[in-house]
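Inside the fold
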Amino acid sequence: MNESSSIIIATRNSHKTEEITSILGNSFVVTDLTAMPEAPEVEETGTTFLENATLKAVAISRLTDALVLADDSGLEVDALGGQPGVYSARFAGSGAGVQANNQKLVADLAAVPAEQRTARFRCVMVAAQAGNVLADFEGTVEGRMLERPRGEAGFGYDPLFVPDGYQQSFAELGTTVKNSFSHRARAMKQVVTWLRER
Ligand code: IMP
């Protein structure tokens, strides 16, 4: 792929776009769905991250000639049987905000002892063009859930998640540290290799 090639991220989540843009560096011109107001809201009806990322990538790639990259991601908490998983964005109900989702998670984990608070973030990326899936990629980061949120950086469940090998939450570590080894960074590393080889 040529330098400064154009990629559309199939999201309206500015946090995702910022993380992906900073990981991609300036070899690629990155835009997201805020630049395509006509793009429909793609319903995430799948039961896996791969299904949902595929739905988003394929639907948006039918509207443009550019390469489209869709991220579907979330938190899997072992003591909750892998929840919230694909329902991470709407754990406390559809339309629920970050605070309500985080409060529900804190409440659901209240009785869970420290050694059973293991969890991971998972990110699946799907690349599509003209309605066809070209490739998919996955990244995970293991860690544990805090009893109370800590830190201001990042988004979503970052204040509740401490990655393995650290004592601070993603929200305390800040975006530079998070972006160096997060689930999204690990998936994006594979995306970048693939982009450079095509
Ligand atoms: P999606 O937009 O359907 O992929 O939902 C992603 C949801 O998973 C977000 O709204 C967050 O709740 C959660 N999530 C995904 N990645 C992260 C992350 O890097 N930090 C914190 N929460 C995340």
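Right above here is the structure, for reference.
Residues numbered from 1 in each chain as written. Predicted model: local features only at pLDDT ≥ 70, side-chain atom pairs only at ≥ 80, totals over all residues. Heavy atoms only, no water.

1. With respect to the nonpolar core
Membership of the largest hydrophobic core comes to 19 residues, with the highest contact counts inside it found for Ile-7, Leu-24, Leu-69, Met-125 and Leu-195. Going through the elements one at a time, strand E1 (5-9), helix H1 (14-24), strand E2 (28-32), strand E3 (67-77), strand E4 (118-129), strand E5 (132-145) and helix H6 (183-197) are the ones with two or more residues in this core. For this core, the leading source of residues is H6, giving six residues. (Core = buried A, V, L, I, M, F, W, Y, C linked by side-chain atoms within 4.5 Å. Buried < 20%, exposed > 50% of the residue type's maximum accessible area, 1.4 Å probe, protein only. Helix = DSSP H or I, 4+ residues; strand = E, 2+ residues; numbered from the N terminus.)

2. Regarding the pattern of salt bridges
Pairing is possible between side chains of opposite charge, provided their charged atoms come close. For the coordinates displayed, the defined rule picks out 15 salt bridges. Between Arg-184 and Glu-19 there is a salt bridge; the shortest N-O distance is 2.7 Å. On the criterion of sequence distance, the pair formed by Arg-184 in helix H6 and Glu-19 in helix H1 is long-range, its members being 165 residues apart. Overall, Glu-19 belongs to the buried group, its relative accessible area being 3%. Salt-bridge contacts for Asp-71 lead to Arg-184; the nearest nitrogen and oxygen are separated by 2.6 Å. Here Asp-71 is found in strand E3, whereas its partner Arg-184 is found in helix H6, with 113 residues between them in sequence. Both residues of the pair, Asp-71 and Arg-184, count as buried. Each member of the salt-bridge network shares a partner with another, and the members are Lys-16, Glu-19, Asp-71, Asp-158, Lys-178 and Arg-184. (Salt bridge = Lys/Arg side-chain N within 4 Å of Asp/Glu carboxyl O.)

3. Section: the site of the ligand
The ligand sits among 17 residues. The nearest are Lys-16, Glu-44, Asp-158, Lys-178 and Arg-184. A distance of 2.7 Å separates an oxygen atom of the ligand from a polar side-chain atom of Lys-16. Computed on the free molecule, the ligand has an accessible area of 490 Å², of which 90% lies beneath the protein chains in the complex. When contributions to the shell around the ligand are tallied by element, the ones reaching two or more residues are E3 and H6. (Near = heavy atom within 4 Å. Polar contact = N/O pair within 3.5 Å; in protein donor to acceptor, adjacent residues only side chain to side chain. Areas by Shrake-Rupley, 256 points an atom, 1.4 Å probe, with all protein chains shown as cover.)

4. Looking at the side chain of Ser-88
Looking at the secondary structure, you find Ser-88 in the loop between E3 and helix H3 (98-108). Under the relative-accessibility criterion, Ser-88 is labelled buried at 6%.

5. Some points on the pairing of E3
With eleven of its eleven residues buried, E3 lies for the most part within the structure. Where E1 and E3 come together, three bridges link them in parallel fashion. Bridged to Ile-8 within E3 is Val-68. Judged from the ten bridges that link them, E3 and E4 form a sheet pairing that is antiparallel. Residue pairing in the sheet places Asp-72 in a bridge with Val-124 of E4. (Pairing = 2+ DSSP bridges.)

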